[in-house]
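What follows is each chain in one-letter form.
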Amino acid sequence: MKVKLHEIAHSRAGDKGDTSNISLIVYDLANFPIIQQQVTSKMVAEWFSEMVAGPVERYELPQLGALNFVMRGALGGGVTRSLSLDPHGKSRSSLLLEMEVEVPAASKAKAGSR
């Protein structure tokens, strides 16, 4: 079954210059393999293709149940230079949590226990 990432994970974000940094952290470590396999750099780059001009790099932190995505060319030249209303990482972390992943039925039960 498909679920939105916010059902099994939460996110933190930050930005510096023209780079946006988004971490995806599972609520339950048992769900880490799901995001590790399905939420790839390519998938995130496609998800943000209209907002991110540069490459998307992914770093894994399995002991924390987290993935960290570094998106370059993501802020229209930088937070202080951009004419966008809200190009910052915090709104993008919420957008990432709307992405869907495939989970086994048993994982769905774990998703709601935050």
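This text follows the structure it describes.
Keep in mind the model is a prediction, meaning the values are calculated, not measured. (Residues numbered from 1 in each chain as written. Predicted model: local features only at pLDDT ≥ 70, side-chain atom pairs only at ≥ 80, totals over all residues. Heavy atoms only, no water.)

1. Considering the overall build of the protein chain
So, step 1. Looking only at helices and strands, the protein chain has four helices and six strands in total.
So, step 2. Taken from the N to the C terminus, the helices and strands of the protein chain come in the order β-β-β-α-α-β-β-α-β-α.
So, step 3. Residue pairs at least 24 apart in sequence account for 64% of intrachain contacts in the protein chain once pairs closer than 6 positions are excluded.
So, step 4. On the protein chain, roughly 6300 Å² of surface is accessible, and the fraction owed to carbon and sulfur atoms is 54%. (Helix = DSSP H or I, 4+ residues; strand = E, 2+ residues; numbered from the N terminus. Contact = heavy atoms within 4.5 Å. Areas by Shrake-Rupley, 256 points an atom, 1.4 Å probe, with all protein chains shown as cover.)

2. Here we look at the nonpolar core
So, step 1. One finds L5, I8, I35, V39, V44, M71 and V101 to be the most contacted residues of the largest nonpolar core, which totals 25 residues.
So, step 2. Those elements that place two or more of their residues in this core are β3 (19–26), α1 (32–38) and β5 (66–72).
So, step 3. Other than its neighbours up to four places away in sequence, M71 contacts D18, T19, S20, I22, V44, F48, V52, P55, V56 and R92. (Core = buried A, V, L, I, M, F, W, Y, C linked by side-chain atoms within 4.5 Å. Buried < 20%, exposed > 50% of the residue type's maximum accessible area, 1.4 Å probe, protein only.)

3. Digging into the pattern of salt bridges
So, step 1. With the rule as written, the count across this model stands at three salt bridges.
So, step 2. With its nearest N and O atoms 3.0 Å apart, the salt bridge here joins R72 to E57. Residue R72 is found in strand β5, and its partner E57 is found in strand β4 (residues 56–61); the two are separated by 15 residues along the sequence.
So, step 3. The exposure class of E57 is partly exposed, given its relative accessible area of 24%.
So, step 4. Here E60 ties to R58 by a salt bridge, and the two come within 2.4 Å at their closest N and O atoms.
So, step 5. For R58, a relative accessible area of 22% puts it in the partly exposed group. (Salt bridge = Lys/Arg side-chain N within 4 Å of Asp/Glu carboxyl O.)

4. Re the environment of M71
So, step 1. Among the structural elements, M71 can be located in strand β5.
So, step 2. Each C-alpha atom, one on M71 and one on S20, is 5.1 Å from the other, the two residues being 51 residues apart in sequence.

5. Here's the deal with the environment of L75
So, step 1. In this fold, L75 is placed in the loop between β5 and α3 (89–96).
So, step 2. Distance from L75 to S20, taken between C-alpha atoms, is 7.0 Å for residues 55 residues apart in sequence.

6. Some points on the pairing of β4
So, step 1. Pairing of β4 with β5 involves six bridges; the strand directions are antiparallel. From the neighbouring strand, E60 faces β5, where its bridge partner is L67.
So, step 2. Here β4 folds back onto β5, and the loop between the two strands holds four residues, one of which, G65, carries a positive phi near 70°. (Pairing = 2+ DSSP bridges.)

7. Description of the sheet that holds strand β2 (residues 9–16)
So, step 1. Strand order across the open sheet formed by four strands is β2-β3-β5-β4, with antiparallel pairing between neighbours. Two strands in the sheet have a free side with no partner beyond their single neighbour: β2 and β4. Going across the sheet, the axis of each strand differs from the next one's by a mean of 15°, ignoring polarity. (Axes fitted to C-alpha atoms, helices over the stretch in contact; angles between N-to-C directions.)

8. Some thoughts on the side chain of S23
So, step 1. Looking at where S23 falls in the secondary structure, it is placed in strand β3.
So, step 2. A polar contact of 2.9 Å, which involves the side chain of S23, links it to the side chain of N68.
So, step 3. Apart from the residues within four sequence positions on either side, S23 is in contact with H10, S11, R12, L67 and N68. (Polar contact = N/O pair within 3.5 Å; in protein donor to acceptor, adjacent residues only side chain to side chain.)

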